[in-house]
Structure formats: C-alpha cells, structure tokens
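# Structural features, examined
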Amino acid sequence: MGGGAQANLGGFPEDSILLDDAFGQTKLLTRIPAAVDAQQANPPHPEDSIVLVGAYDHPELLAHTPAAGDCTKSGVHVLHLSGADGRLTHLTTNAIGPNVAFIVRCPTNPRLLYASTERIDDEGEIITLRMTSDYRLVEESRVKTGGRSTCYLNFSKTKEWMMAVNYWDAKVSMLHLAADGRPGSPRSVLMQPEARYVEEAKPTREEHWKFRQRWPHSHCCVTEPYSGRVHFVVDLGLDRVFAYRVDATSGQLVPKGSVQLPRGKGPRHLLFHPTIRAAYLVNELDSTVSVFRVNIPEAWVSAAHWGVAEARMEDCATSGAALELVQCLSSLPDTEQGKTTISPQGIWKAASHSSEIRMHPNGKFFVVGNRGHDSIAVYAVHPSTGAATLCEITPSGGECPRNFNWTAGGKYLVVGNQNSSSMCTLGFDAAEGHLKLLHTETGVTSPNYVYPIPCSAMPGLFSADVSVSAA
C-alpha cells in the first residue's frame, strides 16, 4: 500500500527497503532472497510450513488497545516453520494494512490470498494478495466491506460468495467472487438492528472499553460441516448465535433462527466438531467454553425450504435447540477465575479474556487461549458424545496469546503473543494432550492472526516476481 520504494536509510539489514504506507508512516519491508531462505539452513522436511501472521500497525484505529510495538516493523509477517523441530525463521515483513486481522487463501484461485483490515473510523477492506518466490506479498486489489472492523472471513458452499464479518457495527457483508477470485463490492449488508446505535450515537472506543455489550458486535461466521449450508454468526454484544443460509443467486443472507446464551458471556468464536454433532464456543468476557449438542433442523438444510426466512428464536438451555447447551467449562485455573484488574486506561475489567479456539486435526482435542493469564488450555473430546474435559493449562510463551494455529498435521501449535511481539512453537503430545514450549521467535511485531500453509502447497501460491514499487 502507499508509495514506492525508498532508499535504505541505514539501521536496517541490507536486504531491506522502506515504504510509506497510506497514513504517511514509513514501514520496513524485509526481503530475503530465495537462495538464502530457511531451507538452506535446514534441510527440507515434509512437514515444513510457511506461516503468515497478521499484525497491528495502526493501533489508534482499533476498538481495543494492544500494547504498542514498533509499528514501522509491522504489517503482514511471513515465517518459515521447520517440520523437523518447530523452529521459526522470520522471512519478510510486508507493508500491508492497516491492521490486518484475518488471512485466508482464495478457495477458487490458489494463487490468491485475502486479508481483512480492522478500523473503527472507516469501513474495513478486503485486500487481495499474491506471493512472490522470495516470500514478499504483493497487493492486487482492495475493496471496502460496508462495515467497520472487519475481523472474520468465510465462504458459501458454492465458493461464489465471501462473507465478511464486521465487529464494530455488527454487519455481515456479502461479496461476490469474480472468476479470477477477486471480490467485488458488497452485494448485500446485513446489520443487527440494535447496531444502529453506532450510526446514531457514534460511540468512541473509550465507551466500548467501558461497555463491551452496549451494542451488538458480530465476531465470526462459521459454517457447520455436516451439510455445509448453514452459517452461524456469533454476536459478542447480544450473547446470541444467529443462523443463516445464503441465497446463491442474490447473495442475500436468509435468516433461519437464533440461539440465546446466558447474559454476560461475550461469545467470540465458534467451532464445530468435524464428525460428532457437537460445537464449542469460546466466551471472551468470562473465560469459559460452552459445549453444545448440535440439532440443526431439517428445514434449515432442505432444498425445499432453504430460501424461506424464519424467525425461530431459542434458548440454548432448551432441549432440542439448534445449539443445545450441555457443558460450560472455565479456561482458567480455579485460582484465577473471577479475578479483575484496572487497565492502563483506568477501566475495571476481567484480568483475563479468552481469545481463539482451535480443534486439533485428529478431532480428539481442542485448545483455547487466555489473554491476561497468558496460557493455552487443552481439552480432550469424548469420542462419541463430544463432551469436553480439561487436560491442562500451559503458558503460551509470551504475553497476550491472541491467535494460534496447528501446523505439521497437529504436531505443533504456533502461537502469536500480541503484547510481547513474539511467535512461539509449542510441541503437542497427542497421546497425553500435553503442550511444551519448543521455540520462540522475537521481533514479530504485534501478531494477531496465524495462518499456516504447508510448504508442499506453496508452489501453487507463488506468482511471478514483480518490482517492489508495484507493492
């Protein structure tokens, strides 16, 4: 984004350049020639991965307050993970932003990546990217999403439609993907009615810090894996999960129903078990995990009723609810539950807040992050009921583990510790459900999203090299 390359002003490696971003801020972009990449130091391993890491580079535009890092060295980081020992090597940092919060590969064009941006002063954007053979990211296009603080992306079953979730004003935008994979402008935008408060009252982020649930905040959109047709939108402000189908012709979201949770939970991210009819919801505000039995109504998935809007409202405690609550477990040790603190901004709040939830590839475990306690909780999954049992809570290796993901088939968990600007590799013992810190890579400024790609899948991503000025 922004201007072309400047001369290296000194103080940075010789394989670096400086760019000005759209805000007039000078950013570092590190270049590592492919001839001296991580594979030269470590022989290739079949479980090697490239790890893309979204980062905050303009914290003043965010709804929340990450610890200030060196924003001149932020953007989208690219790292190499050794499948042999989990060691991370920092390859490049790319001046892409502001505040890239979600990264995913295009489902129809393997050469493209998408990144979303978080900001509350203006609409978020979807940035279409490609990668060169020396691990630089090049911007192809960007389009506004119709909502603010775009934090999550998902796709319809046909892969024709992208769903962009906007946290600040509780909007879900539908963008059509062109034949080459590039998204167009939103065809429809669905907003929770109570989110009109944003347009009418124009709340500040200081108000948001004090009153996290004063208005709706859509946080993710997750598709159930059993039919692949019903999409669940989690709203932190309303303590509710909404279900939709996609009209593949118009791109409209067709409401099917909603499930009410106990008040004050602040649900963040939802996870479905790939084979068992069970779902797991991490609740940010009280650091718990809700476990549900999944009872999706036949009418929601049938061809005869898919386009019929419904207003079915259920309580999660009701037997037979689409998401029927069966357990609620803390992600913190007993001694840490209920603790509070005063933030640097003088706001009284919980001492720890849950972050991400990820299912292990074998379906036998899932993990949850704790920001504040700075730990990862590991849960075992019952093979027939899907019930969860806490196995352990282990340190994340840094401060504020905002996001993480499995690599090497589940052998490693790569954790982005936002406030310590570090990436950690934790080895996972799938027999015991045990995590162990193996490696820490520092200097990865303000990591907030972790997206690994196996090296075996990288040739399909690489594009022809281009001049840096095109970036």
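Check the entry above for the structure.
Presented here is an overview of the structure given in this document. If you're wondering where the values come from, they're calculated on a predicted model, not measured in any experiment.

### Quick notes on the overall build of the chain
- Helices and strands together make up the secondary structure of the chain, namely 4 helices and 35 strands.
- Put simply, the chain has 471 residues, and 59% of those count as buried.
- Within the chain, contacts between residues at least 6 apart in sequence are counted, and of these 55% link residues at least 24 apart.
- Approximately 17400 Å² of the chain is accessible, and the part contributed by carbon and sulfur atoms is 52%.

### Side note on the sheet that holds strand 13 (residues 171-177)
- Spatial strand order, 11-12-13-14: 4 strands in an open sheet with antiparallel pairing. Two strands bound the open sheet, and with one partner strand each, they are strand 11 (150-155) and strand 14 (183-191). Averaged over neighbouring strand pairs, the angle between their axes works out to 25° when direction is ignored.
- As defined by bridge partners, strand 12 (residues 161-166) adjoins strand 13 across 6 bridges and the pair is classed as antiparallel. Across the sheet, Asn 166 pairs through a bridge with Lys 171, a residue of strand 13.

### Some thoughts on the sheet that holds strand 6 (residues 88-94)
- Spatially, 6-5-4-34 is the arrangement adopted by the 4 strands of the open sheet, whose pairing is antiparallel. In this open sheet, the two edge strands, each paired with only one partner strand, are strand 6 and strand 34 (447-454). Mean inter-strand twist for the sheet, computed between neighbouring axes without regard to direction, equals 25°.
- Here strand 5 (residues 76-81) pairs with strand 6 via 6 bridges, running antiparallel. From the neighbouring strand, Leu 79 faces strand 6, where its bridge partner is His 90.

### Quick word on the nonpolar core
- Core analysis: the biggest nonpolar cluster contains 78 residues, and Leu 52, Tyr 114, Met 131, Phe 232, Leu 270 and Leu 323 have the highest contact counts within it.
- Judged by nonpolar contacts, the second largest core, of 15 residues, contains Ala 278, Met 359, Val 368 and Val 381.

### Regarding the pairing of strand 16 (residues 231-235)
- The buried count for strand 16 comes to 5 of 5 residues, which makes it a mostly enclosed element.
- Residues His 231, Val 233 and Asp 235 line one face of strand 16 and the alternating positions Phe 232 and Val 234 line the opposite face, and both faces are buried.
- With 5 bridges joining them, strand 15 (residues 218-223) and strand 16 adopt antiparallel strand pairing. Bridge pairing links Val 222 to Phe 232 in strand 16.
- A loop of 4 residues connects strand 16 with strand 17 (residues 240-246), the two strands running antiparallel in sequence, and Asp 239 in this loop sits at a positive phi of about 55°.

### Some points on unusual backbone geometry
- Following Gly 97, the chain continues into Pro 98 via a peptide bond in cis, with omega recorded as 10°.
- For Pro 98, the location among the structural elements is in the loop between strand 6 and strand 7 (100-105).
- Even without being a glycine, Ser 149 presents a positive backbone phi close to 65°.
- Here Ser 149 shows up in the loop between strand 10 (137-144) and strand 11.
- Judged by relative accessible area, Ser 149 falls into the buried class, the value being 1%.
- You will see that Ser 446, though not glycine, has its phi angle at about 50°, which is positive.
- Along the chain, Ser 446 turns up in the loop between strand 33 (434-442) and strand 34.

### Details of the side chain of Ser 422
- Tracing the backbone shows Ser 422 in strand 32 (residues 422-429).
- Within the structure, the side chain of Ser 422 is placed 2.9 Å from the side chain of Ser 420, a separation counted as a polar contact.

### Section: the pattern of salt bridges
- This structure, assessed with the given rule, holds 22 salt bridges.
- Among the ionic pairs, Asp 169 bridges to Lys 171, the shortest N-O distance being 3.8 Å.
- Overall, Lys 171 belongs to the buried group, its relative accessible area being 12%.

### Quick look at the pairing of strand 28 (residues 375-381)
- In terms of residue burial, strand 28 counts as a mostly covered element, since 6 of its 7 residues are buried.
- Bridge analysis of strand 27 (residues 365-371) against strand 28 gives 6 bridges, and the strand direction is antiparallel. What sits directly across from Asn 370, in strand 28, is Ser 375.
- As consecutive antiparallel partners, strand 27 and strand 28 are separated by 3 residues, and within that stretch Gly 372 has a phi angle of approximately 120°, a positive value.
- As judged from the 7 bridges shared by strand 28 and strand 29 (residues 388-395), these two strands associate in the antiparallel manner. Bridging from a neighbouring strand, Val 378 pairs with Glu 392 of strand 29.
- Here strand 28 folds back onto strand 29 in antiparallel fashion, the turn holding 6 residues, of which Gly 386 has a positive phi close to 85°.

About the thresholds
Residues numbered from 1 in each chain as written. Predicted model: local features only at pLDDT ≥ 70, side-chain atom pairs only at ≥ 80, totals over all residues. Heavy atoms only, no water. Helix = DSSP H or I, 4+ residues; strand = E, 2+ residues; numbered from the N terminus. Buried < 20%, exposed > 50% of the residue type's maximum accessible area, 1.4 Å probe, protein only. Contact = heavy atoms within 4.5 Å. Areas by Shrake-Rupley, 256 points an atom, 1.4 Å probe, with all protein chains shown as cover. Pairing = 2+ DSSP bridges. Axes fitted to C-alpha atoms, helices over the stretch in contact; angles between N-to-C directions. Core = buried A, V, L, I, M, F, W, Y, C linked by side-chain atoms within 4.5 Å. Polar contact = N/O pair within 3.5 Å; in protein donor to acceptor, adjacent residues only side chain to side chain. Salt bridge = Lys/Arg side-chain N within 4 Å of Asp/Glu carboxyl O.

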